[in-house]
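# Secondary and tertiary structure notes
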Amino acid sequence: MSAPALPYARPERRPATLRRVVVVGAGSIGQRHLRNLAELGIEAAALRTYRGTTGPLVGVPSLTTWDAVDVFAPDAIIIANPTALHSEVAVRAASAGYHLLVEKPLAHDVAAAVAACRAAAHAGVVALVGYHFRHHPSLQVMRDWIRQGAIGTPVHAQVTWGEYLPGWHPGEDHLTGYSARRALGGGAVLTLSHPIDYLRWLLGEVTEVSAMVSQSTPYTLDVEDVAHLTLRFASGVLAAVTLDYAQRPAEHTLRIVGLDGTLTWDARTGVARRTGPDGEVLEAGVAPGFQRNDLFRAELRHFAECVAGEATPACTMDDGLAAVRICVAAMRSSAWGRVVDA
């Protein structure tokens, strides 16, 4: 399918070094990216509407228009505003020749995700989607184990990820954040879609989705806060994924059962464990002092390597589109009461 003509001029030159970046959005994840860029010695500014987070950003220029962005002349744009606004910004930024790192999920619906993919492809920019768990060292070991046949043929998988929504960003009203608002692309399925991405990364393409979602917490949200998904993969593997905004303490675990063993992973400890058919155990952990922010730092370093032509994107725009398709299929399955093609 050919890409449509874009409404902005296509650039003639691509920078080979990530020297200057504009972060769109100044919420929690936007501010994290700004801090990490500073640590990496990359000059940064924030493009803000001031409709969400309104506090000052110390030491970081705040831009309010695309004209100001063009004057700042960044090499890349990091899109960290609410999910429902990702695609619009991606099309505008790609069309102007800026490389893209789009926070997950790529978009709130399939049409918007397709538009972002087409814009990036048409402009020829480097474009990544920020599913940062692909940079987790012990998940990478798990992927190697699967590819090496260490547990034989995978048969089924289970993911549980629950976190208490009011505790995500202390000091903020959890009811006003994008995660809790349908109009901004919130809801447990899209917001907690990391497992949907890394299960594809580990086990291959998803062909069918069955799901049930509900509003089970007393938070007066207009989005689903509990979701149970069943994914069927092209290989025949089945995966059960449970997501919620309620669980205390938080839990994020993965289990993959194969014909010759089992793999487990716990995000809290960072430990991946391979158990053989006779009960023998092999573990892979993380370095001492490892923190969640190390994943975001690794993602930024990888982005810089991709811009320099030294690496190819670990999570492409097509990967981001596939995750959105699965999320949308899950919501349709719940609404329609039947299995839906991914």
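Above: the structure in question.
What comes next is a walk through the structure. (Residues numbered from 1 in each chain as written. Predicted model: local features only at pLDDT ≥ 70, side-chain atom pairs only at ≥ 80, totals over all residues. Heavy atoms only, no water.)

## A look at the overall build of the protein chain
Of regular secondary structure, the protein chain possesses nine helices and 15 strands. Its C-alpha radius of gyration of 20 Å places the protein chain within 12% of the 20 Å reference for a compact globule of 342 residues. Projecting the C-alpha coordinates of the protein chain onto the three principal axes gives extents of approximately 65 × 45 × 45 Å. Across the 342 residues in the protein chain, those meeting the buried criterion constitute 49%. Carbon and sulfur atoms provide 51% of the accessible area of the protein chain, an area that totals close to 15,300 Å². (Helix = DSSP H or I, 4+ residues; strand = E, 2+ residues; numbered from the N terminus. Rg over C-alpha atoms; globule rule 2.2 N^0.38 Å. Buried < 20%, exposed > 50% of the residue type's maximum accessible area, 1.4 Å probe, protein only. Areas by Shrake-Rupley, 256 points an atom, 1.4 Å probe, with all protein chains shown as cover.)

## As for the nonpolar core
Core analysis: the largest hydrophobic core is formed by 85 residues, its most contacted members being Leu100, Leu106, Tyr198, Leu199, Leu231, Leu254 and Ile256. The element that contributes the greatest number of residues to this core is helix α9 (residues 317-336), accounting for nine residues. If we skip the residues at most four places from it in the chain, Leu199 touches Ala157, Val159, Gly204, Leu231, Phe233, Ala239, Val241 and Leu254. Core analysis: the second largest hydrophobic core is formed by 21 residues, Ala44, Val60, Ala76 and Cys306 among them. (Core = buried A, V, L, I, M, F, W, Y, C linked by side-chain atoms within 4.5 Å. Contact = heavy atoms within 4.5 Å.)

## Structural notes on the environment of Asp109
Along the chain, the position of Asp109 falls in the loop between β5 (99-103) and α4 (110-123). In the structure, Asp109 is positioned 101 residues away from Ser210 in sequence and 18 Å away in space, judged by C-alpha atoms. In this structure, Asp109 is in contact with Val324 and Val328, ignoring residues within four places of it in sequence. Separated by 3.3 Å, the side chain of Asp109 and the backbone nitrogen of Ala111 make a polar contact. (Polar contact = N/O pair within 3.5 Å; in protein donor to acceptor, adjacent residues only side chain to side chain.)

## A word on the sheet that holds strand β9 (residues 226-233)
Pairing between the strands of a sheet comes from backbone hydrogen bonds, and it takes one of two forms, parallel or antiparallel. Taken in spatial order, the nine strands line up as β14-β13-β12-β11-β7-β10-β9-β8-β15 in an open sheet, and their pairing is mixed. Edge strands, defined here as strands with exactly one partner in the open sheet, are β14 (281-284) and β15 (340-341). Bridge analysis of β9 against strand β10 (residues 238-244) gives seven bridges, and the strand direction is antiparallel. Bridging from a neighbouring strand, Val226 pairs with Asp244 of β10. Strands in contact with helix α5 (residues 137-147) are β7 (154-162), β11 (251-258), β12 (261-266), β13 (271-275) and β14; relative to β12, the strand with the most contacts, it is inclined by about 165 degrees. The strands touched by helix α7 (residues 194-203) are β7, β8 (206-214), β9, β10, β11 and β12; relative to β7, the strand with the most contacts, the crossing angle is about 160 degrees. (Pairing = 2+ DSSP bridges. Axes fitted to C-alpha atoms, helices over the stretch in contact; angles between N-to-C directions.)

## A closer look at α7
In terms of burial, α7 is largely enclosed, as 10 of its 10 residues are buried. Listing the buried residues of α7 in full gives His194, Pro195, Ile196, Asp197, Tyr198, Leu199, Arg200, Trp201, Leu202 and Leu203. Taken from the residues just after α7, Gly204 is the one with a positive phi, measuring 105 degrees.

## Regarding the side chain of His194
Its location among the elements puts His194 in helix α7. What makes His194 buried here is its relative accessible area of 3%. With residues near it in sequence (within four places) discarded, His194 still touches Lys104, Gly130, Tyr131, His132, Phe133 and Trp161.

## A look at the pattern of salt bridges
Tallied over the entire structure, the rule returns 12 salt bridges. One salt bridge in this structure joins Arg297 and Asp294, with 2.6 Å as the shortest N-O distance. Of the two residues, Arg297 and Asp294 are both situated in helix α8 (residues 293-307); the distance of three residues between them amounts to about one turn of the helix. Using a relative accessible area of 23% as the deciding quantity, one classes Asp294 as partly exposed. Sharing partners across several salt bridges, the network here consists of Arg134, Asp197, Arg200, Glu205 and Asp319. (Salt bridge = Lys/Arg side-chain N within 4 Å of Asp/Glu carboxyl O.)

## What about the packing of aromatic side chains?
Applying the stated criterion to the full structure yields six aromatic pairs. Consider the rings of Phe133 and Tyr198, whose centres lie 6.2 Å apart with planes at 75 degrees: the pair is edge-to-face. Of this pair, Phe133 sits in the loop between β6 (127-130) and α5 while Tyr198 sits in helix α7; the two residues are 65 residues apart in sequence, bridging distant segments of the chain. Like Tyr198, Phe133 is buried. Ring-pair connections join several aromatic residues into one group, and the members of that group are Phe133, Trp161, Tyr198 and Trp265. A cation over a ring is seen here: Arg20 above Phe72, with NZ or CZ 5.1 Å from the ring centre. The ring of Tyr164 has Arg248 lying over it, and the distance from NZ or CZ to the ring centre is 3.6 Å. (Phe/Tyr/Trp six-rings, centres within 6.5 Å; stacked < 30°, edge-to-face > 60°. Lys NZ or Arg CZ within 6 Å of the ring centre and 35° of its normal.)

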